[in-house]
Amino acid sequence: MMLTVAAAFKAVIQTVRDLGTETVPFESATGRILRESVLADRPFPPFDRITMDGIAVNYDSFARGQHIFGVEDIQAAGMPQLQLSNTANCIEVMTGAILPEMTDTVIPYEHLTPSEHEGFRRFTVHKAVKKGQNIHRIGSDIATGAVLIPPGTLIGPAEAGVLATVGKTNVLVSKQPRVVLIATGNELVPVHTTPALHQVRMSNVYSMLASLEQMGIKARYLHLNDEAEEMREQLQSLLEETDIWISSGAVSAGKFDYLPAVLQQLGMQQVFHKVQQRPGKPFLFGRFNEGPVVFALPGNPVSGFMCFYRYVQPWIQSAMGATLQEPCYAQLSEKVIFDAALEYYLPVKLQSEPDGRMIAIPQPYQGSGDLASLLKADAFLTLPSEENVFEKGSTYQVWRFR
Ligand code: AMP
Ligand code: MG
């Protein structure tokens, strides 16, 4: 019985195991998945922070009808806190400085007229003042000890800034999976060679290397010919020290599609072979006890691509403890008819409309061998297997790869 996509996905996710953690310097943690809580080591902001260049005064002066202030001193950013000695005066203050003691209100230069009186500088206030204005109060954003970044977060630019702010120089992140990409097929030649008429350059491995690289993962790869014994020998040597095998090709009904049999000989437990989907129907998934999980993807480039984003990427993200992305949806821009009882993954271009809708525009697509169709597409739109006619304006889930 061929599995539905939902059942296949569930079976794949059930095999997820924790890949472990490691500590890395925060400068090289971008793109990694955080595995600890990052806490505020101080309040945010850490002191009453001046937010405008101008003067700091004691608001009670206004109650006394005062509007001219003599300058006692200047408080620059990075200077220890000063104290206003006479509350009838002011201290000039700069953005980023700590609020001087005995002051509680900051008036920007734009609301002041400077003058001099008997050798002293003064400012006249010519705009209404609110008590406490232009001060970013200590702890008003975040209290000490609050969780700033929870585990499972993908570390990006915003996280890098917060890690730096709290002095988190070393962070606990997920280990990267040890991935091997396996290309199969006698017709494949290395990319730097000129193929003979009957040959093609090996491309799938490079799409997958790129997809993995976008996840911050380096992988190695090898090429196997359609020769059962050679396959068995080479794969045997990969069993140790790998977490994931992703192969392409040799899992369909061809006379030389030896991979399923070879994997079983090596002791792989097959979880399923074939899924009710197009492209990617011949997808085989299995696992070795105490060894790698095996995503044996069909060789057609669009099939492999779709299976990578639908199954492999979520497996890796779960294994790294990442919070899985929320599903994403889009509306079909035109009617589509697809009458096979398979879940259809249609390459679409996504276009976001001014009214907030996301539109999925089907791209010309000649089938799963049509590698170039992916160039114009951003995602696969999922059209459920129970329906055959998909109306313009209907909403379906999308799997983005761009
Ligand atoms: P298979 O699944 O082995 O029957 O392959 C299906 C199609 O995908 C064939 O036309 C293969 O030549 C092609 N193919 C398989 N593996 C690769 C690869 N690594 N790079 C490019 N094309 C491939
Ligand atoms: Mg093949």
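Thresholds, definitions, all that
- Residues numbered from 1 in each chain as written.
- Chains lettered and ligands numbered in written order.
- Predicted model: local features only at pLDDT ≥ 70, side-chain atom pairs only at ≥ 80, totals over all residues.
- Heavy atoms only, no water.
- Near = heavy atom within 4 Å.
- Polar contact = N/O pair within 3.5 Å; in protein donor to acceptor, adjacent residues only side chain to side chain.
- Nonpolar A, V, L, I, M, F, W, Y, C, P; charged D, E, K, R; others polar.
- Pairing = 2+ DSSP bridges.
- Helix = DSSP H or I, 4+ residues; strand = E, 2+ residues; numbered from the N terminus.
- Axes fitted to C-alpha atoms, helices over the stretch in contact; angles between N-to-C directions.
- Salt bridge = Lys/Arg side-chain N within 4 Å of Asp/Glu carboxyl O.
- Buried < 20%, exposed > 50% of the residue type's maximum accessible area, 1.4 Å probe, protein only.
- Parallel < 35°, antiparallel > 145°, perpendicular 65-115°, else oblique.
- Left-handed = near helix turned anticlockwise from the far one by under 90°.
- Contact = heavy atoms within 4.5 Å.
- Phe/Tyr/Trp six-rings, centres within 6.5 Å; stacked < 30°, edge-to-face > 60°.
- Lys NZ or Arg CZ within 6 Å of the ring centre and 35° of its normal.

Caption draft 1: Up close: the site of ligand 1. Looking at ligand 1, there are 14 residues lining it, with Glu187, Ser203, Asn204, Ala250 and Gly299 nearest. A distance of 2.5 Å is found between an oxygen atom of ligand 1 and a side-chain nitrogen or oxygen belonging to Glu187. Take Ser248: an N or O atom from its side chain is 3.3 Å from a nitrogen atom of ligand 1. Residues of the shell around ligand 1, tallied by class, amount to 5 nonpolar, 7 polar and 2 charged.

Caption draft 2: A look at the sheet that holds strand β7 (residues 105-108). A sheet is described by the order of its strands in space; here 6 strands give the open sequence β7-β4-β6-β5-β9-β8, paired in mixed fashion. The sheet is open, and its two edges are formed by β7 and β8 (112-117), each paired on a single side. Neighbour-to-neighbour, the strand axes of the sheet open up by a mean angle of 40 degrees, direction not taken into account. Summarising the sheet, strand β4 (residues 54-57) and β7 pair through 4 bridges and their orientation is antiparallel. Paired with Val57 across the bridge in β7 is Thr105.

Caption draft 3: Looking closely at the pattern of salt bridges. All told, the structure shown has 11 salt bridges when counted by the stated rule. Residues Asp18 and Arg35 are paired through a salt bridge, measuring 2.8 Å at the closest nitrogen-oxygen approach. In this pair, Asp18 sits in the loop between α1 (5-14) and β1 (21-25) while Arg35 sits in the loop between β1 and β2 (38-39), placing the two residues 17 residues apart along the sequence. In this structure Asp18 comes out as partly exposed when scored by relative accessible area, which is 48%. Here Arg357 ties to Asp355 by a salt bridge, and the two come within 2.9 Å at their closest N and O atoms.

Caption draft 4: Region of interest: the packing of helix α4 (residues 204-214) against helix α7 (residues 301-319). Viewed as axis vectors pointing N to C, α4 and α7 meet at an angle of 30 degrees, and their least axial separation amounts to 11 Å. Classified by the interaxial angle, the pair formed by α4 and α7 is roughly parallel. Judged by the sense of rotation from one axis to the other, the crossing of α4 with α7 is right-handed. Residues Asn204, Ser207, Met208, Ser211, Leu212 and Gln214 of α4 form the contact with α7, whose own contacting residues are Pro301, Gly304, Phe305, Phe308, Tyr309 and Ile316. Here the contact of α4 with α7 is built from residues that sort into 7 nonpolar, 5 polar and no charged.

Caption draft 5: Focus on the pairing of strand β22 (residues 328-332). Examined bridge by bridge, β22 and strand β28 (residues 395-400) share 4 bridges and lie antiparallel to one another. Across the sheet, residue Tyr329 finds its bridge partner in β28, namely Gln397. By the bridge criterion, 2 bridges tie β22 to strand β25 (residues 358-362) in an arrangement that is parallel. Its bridge partner lying in β25, Gln331 is registered against Ile359.

Caption draft 6: Region of interest: the sheet that holds strand β16 (residues 219-224). An order of β16-β13-β17-β21-β20-β18 is seen for the 6 strands of this open sheet, with the pairing classed as mixed. Where the open sheet ends on each side, the last strands, each with one partner, are β16 and β18 (269-273). On average, each strand axis in the sheet is inclined to that of its neighbour by 20 degrees, with strand direction left out of account. Note: strand β17 (residues 244-248) against strand β21 (residues 293-297), 5 bridges, orientation parallel. The residue of β21 that forms the bridge with Ser247 is Ala296. Set on the sheet, α1 makes contact with β18, β20 (284-287) and β21; between it and β18 the angle comes to about 160 degrees. Relative to β21, α7 is tilted by about 165 degrees, and along the sheet it contacts β17 and β21.

Caption draft 7: Molecular detail of the packing of aromatic side chains. The full count for this structure, using the stated rule, is 21 aromatic pairs. On the numbers, 5.9 Å between centres and 45 degrees between planes, the contact of Tyr109 with Phe123 is tilted. Of this pair, Tyr109 sits in the loop between β7 and β8 while Phe123 sits in strand β9 (residues 120-125), and the two are 14 residues apart along the sequence. Accessibility expressed as a relative area gives 4% for Phe123, which makes it buried. A network of ring pairs unites the aromatic residues Phe9, Phe272, Phe283, Phe285, Phe295, Tyr311 and Trp315 as a single cluster. Here the guanidinium or amino end of Arg310 rests over the ring plane of Phe9, the centre of that ring lying 4.7 Å away. Across from the ring centre of Tyr311, 5.7 Å away, lies the NZ or CZ of Arg310, which sits over that ring.

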